[in-house]
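Overview (structure and organization)
So the chains spell out like this:
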Amino acid sequence: MRDGKKFAIAQPATATRFDLGIKLKGEPATERFEEAGKWHPMVTHHVRITDPAQVDDEVMAWIARAYAAVKS
């Protein structure tokens, strides 16, 4: 159910990669966080994760900002 409170989605893409989508309107895309486009209609950006180490401070900051945005 989409209730307007969802801020991220993790979706398996291949056996070695998952895609993380972030809902953060108004934030410009970066080299790492691309515009989601048609990838998933709920989110505005997505990043491809192929190694657990890629879930770093930058990824966690995007998640935290997206969470704060839906809670405000």
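All of the points below concern the structure found in this document. (Residues numbered from 1 in each chain as written. Predicted model: local features only at pLDDT ≥ 70, side-chain atom pairs only at ≥ 80, totals over all residues. Heavy atoms only, no water.)

On to the nonpolar core. Core analysis: the largest hydrophobic core is formed by ten residues, namely Leu20, Ile22, Leu24, Phe33, Val47, Ile49, Val59, Trp62, Ile63 and Ala66. Counting residues per element, the ones that place at least two in this core are strand E2 (17-22), strand E4 (45-49) and helix H1 (57-71). The leading source of residues in this core is H1, at four residues. In contact with tryptophan 62, other than residues within four places in its own chain, are Ile22, Leu24, Glu27, Pro28, Thr30, Phe33 and His45. (Core = buried A, V, L, I, M, F, W, Y, C linked by side-chain atoms within 4.5 Å. Buried < 20%, exposed > 50% of the residue type's maximum accessible area, 1.4 Å probe, protein only. Helix = DSSP H or I, 4+ residues; strand = E, 2+ residues; numbered from the N terminus. Contact = heavy atoms within 4.5 Å.)

Applying the stated criterion across every chain, the model contains five salt bridges. Put simply, arginine 48 and glutamate 34 hold a salt bridge, and the shortest N to O gap is 2.8 Å. Residue arginine 48 is located in strand E4, and its partner glutamate 34 is located in strand E3 (residues 34-35); the two are separated by 14 residues in the primary sequence. In the salt-bridge network here, residues are joined through shared partners; they are Arg32, Asp56 and Glu58. (Salt bridge = Lys/Arg side-chain N within 4 Å of Asp/Glu carboxyl O.)

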